[in-house]
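# Residue-level structural notes
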Amino acid sequence: MIIAYRTSSPSFGMALRFSCNASIPLHQRVEVKPRSNSELRNIKNLVKTIALPSVNMQPHRSLQEGNWVKLICGASFEDVVDIRNLSLVYTLAGVDCIDCAADASVVSAVSEGIEAARDILNIRRPWVMISINDNEDLHFRKAEFNPEECPSGCSKPCERVCPADAIYLEEIQSPAGFSNCTDTLTGLKGGVVTERCYGCGRCFPVCPYDKIRVVSYMRDAATTAELLKRNDVDAVEIHTNGRQTSLFKELWDDLSDSIRHLKLVAVSLPDVGDSTISLMNTMYSIMEPNLHCCNLWQLDGRPMSGDIGRGTTRETIAFAVHLAASKDRPHGFLQLAGGTNAHTVDGLKKWGLFKTATAAKNSPHGSSHALIGGIAYGGYARKVVGRVLSSMQSQHGLACIEDYPHHLEEALTEALALVGTVKCYDPFLIHQELNAPKNWC
C-alpha cells in the first residue's frame, strides 16, 4: 500500500467535472419525469403521520433535548446526484443537520435536496455542515490505482469489498502485439470512481498485488473560509487526530473571520485515552475568543464502519461513557459518530445516557440540557437508503427520487426507521403506513 499526500482539495480529474456543472441545478442534469402533486400525497401523509413534530423542531432544541440526528454524507463523498437524493430523503425523515464535503458543488447538491423536500412538504430546514481537517485524517483520503497494472487473472476483491460501489473493473481484450498473431491479451479497465470513494480503506488490505495507493489531502483554508460565508452553510466541523493542537490553532485562525456567520462549530476527535479531556480543553481555549455560537464535540469511535455490523457502535458508546463521567470536560454538546447504526440508541440506554439531563455547569448557555446531544449516522444511513437509490438508478438511470414516488416511499421508510430510533417515532405507525394501500396515479 502506497501513501501519497496532497495539500489541497482532491482533484483526480473530478474537480473539473464538478466545476463545469456547479452552476447547473441537478434536476437539469438528470432525466426528469413529469408528475402531479397527487403522486406525492402518500409521502406527505407518511411524514405528517410519523415525523411532523420532529421535522418542525429547530435543530438547536433537538441538541438540548438529546434527539439531534445528523446525516453524514461523507467528508470525501462527492457523488452529487446521490447526495442530493440522500438530502431530500433524510430532510423528510427529520434530521437536524446534513454534513457534507467542503466543496461548492456538493453544498449546492445538499441544498437542492433540502429544498426539493420542502417543496413536497413545508417543513423546517436542517442545518448544512461542511467538514474540514487540520491534518492528515482518515476521512480525507481516496483510493487510487491504475487498472492497467492489475493482472488479468485478478479476482477483483477490491470491487467486492467496496461499500460505496466506488470501484469498477471490466475485462477487455486487446491484440497480443505481434503483426502476424491473432491472439489477444486480457486486461482490465476502470478503477476507482473517485467521487464515490470516501476513504473507508477496506480495499487497501485485500488487494493481493498491493496495487492500491492511499491519497490523503487537506481542504484549502482560504476556499473553506469563503464557503462558510454562503447563506446555505450553517455549521463547520473540524476533524483533528488529537496528536497536536498547533495545526488546529492555525486552521482556526485562518477561519476566524468566517466563524461569525455560523450557528454551530463542531470538532470531531478520536478517543486518545487519558489525554482526551486535556486535548478538548486546549482546543476549546483556542476557539472560545471567537466562538459566538454553540459548539459540539463529535465522539468519533470507529470511523466509517457503521454499515459493517452491530458491534461497530461499541467504541463510540464507550467514548461517550468516558466523557459523560468526566467533570472536567469543556463546554459543548456531545454527539456520537463513527460506527453508529440502528443499535446505537440501545447501547446508550444500557448505560443510562439516552436523553439524560446533564448538570447546568456543563451547559454552553447556563441551562440544563441532555448529556448526549444526539447521534450522527454516516455509512449505515447511506447504506439503507443507498440500496433504494441503486435500484432506482438501475431502472431509470440518474434521476431525482421524487420523480419516482414508490422509490421515495421505500427510501423514506428506511430513513424514518433509523432516525426514529433517536426521535422516538412509533415503529408501528411506520409499519402501518408502509403496508397501507397506495395510489400512485
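Residues numbered from 1 in each chain as written. Predicted model: local features only at pLDDT ≥ 70, side-chain atom pairs only at ≥ 80, totals over all residues. Heavy atoms only, no water.

## A word on the overall build of the protein chain
Just so we agree on the cut-off: Strands here are runs of E lasting at least two residues and helices are runs of H or I lasting at least four, both read from the DSSP assignment and numbered beginning at the N terminus. Buried residues are those whose accessible area, probed at 1.4 Å on protein chains only, stays under 20% of the maximum for their type, while exposed residues exceed 50% and partly exposed ones sit between those limits. In this description, contact between two residues means that some pair of their heavy atoms is separated by no more than 4.5 Å. Here the Shrake-Rupley method, with its probe set to 1.4 Å, supplies the accessible areas, and only the displayed protein chains count as covering residues.
Across its full length, the protein chain holds 15 helices and 13 strands. Burial status across the protein chain gives 56% buried among its 441 residues. Across the protein chain, the fraction of contacts at a sequence separation of at least 24, relative to all contacts at a separation of at least 6, is 81%. Counting every atom, the protein chain has about 18300 Å² of accessible surface; 50% of that belongs to carbon and sulfur.

## A look at helix H14 (residues 405-423)
Selection rule: The reported bend at a residue is simply the angle between two axes, fitted to the 7 residues ending at it and to the 7 residues beginning with it.
At Ala417, H14 is deflected by roughly 25°, the largest bend along its length. Looking one or two places after H14, you find Cys424, whose phi comes out positive at around 65°.

## Considering the pattern of salt bridges
Formally: Salt bridge, as applied in this entry: a Lys or Arg side-chain nitrogen positioned within 4 Å of an Asp or Glu carboxyl oxygen.
Going through the model one piece at a time under the given rule, you end up with 20 salt bridges. Between Asp82 and Arg196 there is a salt bridge whose closest N-O contact spans 2.8 Å. Within this pair, whereas Asp82 is found in helix H5 (residues 80-93), its partner Arg196 is found in the loop between strand S7 (184-192) and strand S8 (213-217), the two being separated by 114 residues in sequence. Classification of Asp82 by relative accessible area gives buried; the value is 8%. Its relative accessible area of 15% is what places Arg196 among the buried residues. Two residues, Asp232 and Arg230, come together in a salt bridge whose shortest N-O distance is 2.7 Å.

## Considerations on helix H6 (residues 104-120)
As a reminder of what qualifies: Multiplying 1.5 Å by the helix residue count minus one yields the expected span of that helix.
In this model H6 runs 25 Å from its N-terminal to its C-terminal C-alpha over 17 residues, within 8% of the 24 Å that 1.5 Å per residue would give. With 12 of 17 residues buried, H6 is to be regarded as a mostly interior element. Those residues of H6 not exposed but buried are Ser105, Val106, Val107, Ala109, Val110, Ser111, Glu112, Gly113, Ile114, Ala116, Ala117 and Ile120.

## Some thoughts on the confidence of the model for the protein chain
Quick reminder of the rule: For every residue, the predictor states its confidence as a pLDDT score lying anywhere from 0 to 100.
Per-chain confidence: the protein chain averages 88 in pLDDT, with 85% of residues scoring 70 or above. Taken as a whole, residues 7-24 scores under 50 in pLDDT and shows 28 contacts with residues more than four places along the chain or in a different chain. Between residues 360-365, whose pLDDT stays under 50, and residues either more than four places distant or in other chains, the model counts 16 contacts.

## Quick look at the pairing of strand S4 (residues 127-133)
In plain terms, the rule: Two strands are said to pair when DSSP picks up at least two bridges between them. A clockwise path from the first strand over the helix to the second, with the strands pointing away from the viewer, defines a right-handed crossover.
In terms of burial, S4 is largely enclosed, as seven of its seven residues are buried. Side chains of S4 alternate between two faces, with Trp127, Met129, Ser131 and Asn133 and Val128, Ile130 and Ile132 buried alike. Here strand S3 (residues 97-101) pairs with S4 via five bridges, running parallel. Its bridge partner lying in S4, Cys97 is registered against Trp127. In terms of handedness, the path from S3 via H6 over to S4 forms a crossover that is right-handed. Across five bridges, S4 lies against strand S9 (residues 235-239) in parallel orientation.

## Things to note about the packing of H5 against H6
Inclusion rule: Angular values range over 0 to 180 degrees, each being the angle between N-to-C directions of two axes fitted as lines to C-alpha atoms, with helices fitted over their stretch in contact. Angles below 35 degrees are treated as roughly parallel, those above 145 as roughly antiparallel, those between 65 and 115 as roughly perpendicular, and all remaining angles as oblique. Two helices cross in a left-handed way if the nearer one is turned anticlockwise from the farther one by less than a right angle. They cross in a right-handed way if the turn is clockwise. Gly falls in the polar group here, along with every residue not listed as nonpolar (Ala, Val, Leu, Ile, Met, Phe, Trp, Tyr, Cys, Pro) or charged (Asp, Glu, Lys, Arg).
For the pair H5 and H6, interaxial distance at closest approach is 7 Å and the crossing angle is 40°. Here H6 runs oblique to H5, going by the angle between their axes. Considering the relative orientation of H5 and H6, their crossing is right-handed. Across the interface between the two elements, Val80, Ile83, Arg84, Ser87, Leu88, Thr91 and Leu92 of H5 pack against Ser105, Val106, Ala109, Val110, Glu112, Gly113, Ile114, Ala116, Ala117 and Ile120 of H6. Of the residues belonging to the contact of H5 with H6, the class tally is 11 nonpolar, four polar and two charged.

## Here we look at the packing of helix H13 (residues 379-396) against H14
Each pair of packed helices gets described by two things: the angle between the helix axes and the distance between those axes. Close contact between H13 and H14 brings their axes to 9 Å; oriented N to C, the two are set at 175°. As summarised for this structure, H13 and H14 are arranged roughly antiparallel, according to the angle between their axes. Contacts between H13 and H14 involve Tyr380, Ala381, Val384, Val385, Arg387, Val388, Ser391, Met392, Gln395 and His396 from the first element and His407, Glu410, Ala411, Glu414, Ala415 and Leu418 from the second. Class assignment of the residues belonging to the contact of H13 with H14 gives a composition of nine nonpolar, four polar and three charged.

## Observations concerning the nonpolar core
Heads up, the rule is: The definition of a nonpolar core used throughout is a set of buried Ala, Val, Leu, Ile, Met, Phe, Trp, Tyr and Cys residues joined through side-chain atoms within 4.5 Å.
Core analysis: the biggest nonpolar cluster contains 117 residues, and Tyr90, Leu92 and Trp297 have the highest contact counts within it. Beyond its immediate stretch of four places on either side in the chain, Leu92 contacts Ile43, Val47, Ala51, Val55, Ala117, Ile120, Ile123, Leu408 and Leu412. Among the nonpolar cores identified, the runner-up in size contains 11 residues, and Trp68, Met129, Leu264 and Cys294 belong to it.

## Description of the side chain of Thr224
If you trace the backbone, Thr224 turns up in helix H8 (residues 221-227). The exposure class assigned to Thr224 is buried, which follows from its relative accessible area of 3%. Thr224 has contacts with Ala102, Ile130, Ile132, Arg219 and Leu255, leaving out every residue within four places of it along the chain.

## Examining the environment of Thr282
Following the sequence through the fold, Thr282 ends up in helix H10 (residues 276-287). The exposure class assigned to Thr282 is partly exposed, which follows from its relative accessible area of 32%.

## Regarding the sheet that holds S3
Pairing in this closed barrel of eight strands is parallel, and the strands run S2-S3-S4-S9-S10-S11-S12-S13 around the ring. Strand-to-strand, the axes of this sheet are offset by a mean angle of 25°, without reference to chain direction. As paired strands, strand S2 (residues 68-72) and S3 are joined by three bridges and run parallel to one another. If you follow Ile72 over to S3, its bridge partner there is Asp99. Seen against the sheet, H6 touches S3 and S4 and runs at an angle of roughly 155° to S3.

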